Amino acid sequence: MLFGLVGFVLGWLLTLFILVMIGRMIVDWAVTLEARGDWVWKTRRVTHAVTEPVLSPVRRVLPPLRFGGFGLDLAFTVVFFAALILRSIVW
């Protein structure tokens, strides 16, 4: 461990954040595929509440790329990989 207890806690927080990001990705796909159920919207609300404060500033710098009806969210990709890299550094 690079930073001892602080690194351990930060590593766990980054792991949880990465898991929430994966959850957001899955729920967003479910919405795109027109999944039904109250759980989808509740889960989407939670995952967006946790991740949007980090994603929105990055999205202002890197807007989504549009390919017809498909959009690639570069901010999501950058934040996801940055979280993975940070976690590997501190943990």
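Predicted, not measured: the structure shown is a model, and the values here were computed from it.

K.L.:
Report on the packing of aromatic side chains, specifying residues and quantitative values.
P.N.:
Tallied over the full model, the rule gives four aromatic pairs. When the centroid spacing of 6.3 Å and the interplanar angle of 75 degrees are considered together, the rings of phenylalanine 8 and tryptophan 12 count as edge-to-face. In this pair, phenylalanine 8 and tryptophan 12 are both assigned in helix α1 (residues 5–32), four residues apart and thus about one turn of the helix distant. On the accessibility criterion, phenylalanine 8 (35% relative accessible area) is partly exposed. Geometrically, the ring pair formed by phenylalanine 76 and phenylalanine 80 is stacked, given 6.1 Å between the ring centres and 5 degrees between the ring planes. Here phenylalanine 80 and phenylalanine 76 lie together in helix α3 (residues 74–90), a separation of four residues that amounts to about one turn. Just as phenylalanine 76 is buried, phenylalanine 80 falls in that class too. Joined through ring pairs, the aromatic side chains of Phe76, Phe80 and Phe81 make up one cluster.

K.L.:
Hey, could you go over helix α2 (residues 38–61) for me, with residue numbers and the actual values?
P.N.:
Counted at 1.5 Å a residue, the expected span for α2 with its 24 residues is 34 Å, and the 33 Å between its end C-alpha atoms agrees. For α2, the principal kink sits at glutamate 52 and spans about 55 degrees; a proline, proline 53, occurs within the next four residues. Among all positions of α2, only Val40, Thr47, Thr51 and Leu55 are buried. Tucked into the core, α2 has its buried residues touching α1 and α3.

K.L.:
Any chance you could break down the side chain of threonine 15 for me, citing the residues and the numbers?
P.N.:
Within the element layout of this structure, threonine 15 appears in helix α1. Threonine 15 gets classed as buried once you look at its relative accessible area, which sits at 13%. Those residues in contact with threonine 15 that lie beyond four places of it in its chain are Arg87 and Trp91.

Reading the values: rules and limits
- Residues numbered from 1 in each chain as written.
- Predicted model: local features only at pLDDT ≥ 70, side-chain atom pairs only at ≥ 80, totals over all residues.
- Heavy atoms only, no water.
- Phe/Tyr/Trp six-rings, centres within 6.5 Å; stacked < 30°, edge-to-face > 60°.
- Helix = DSSP H or I, 4+ residues; strand = E, 2+ residues; numbered from the N terminus.
- Buried < 20%, exposed > 50% of the residue type's maximum accessible area, 1.4 Å probe, protein only.
- Expected span 1.5 Å × (residues − 1).
- Bend = angle between axes of the 7 residues up to and from the residue.
- Contact = heavy atoms within 4.5 Å.

Without other data, these values stay purely geometric and don't point to any function.
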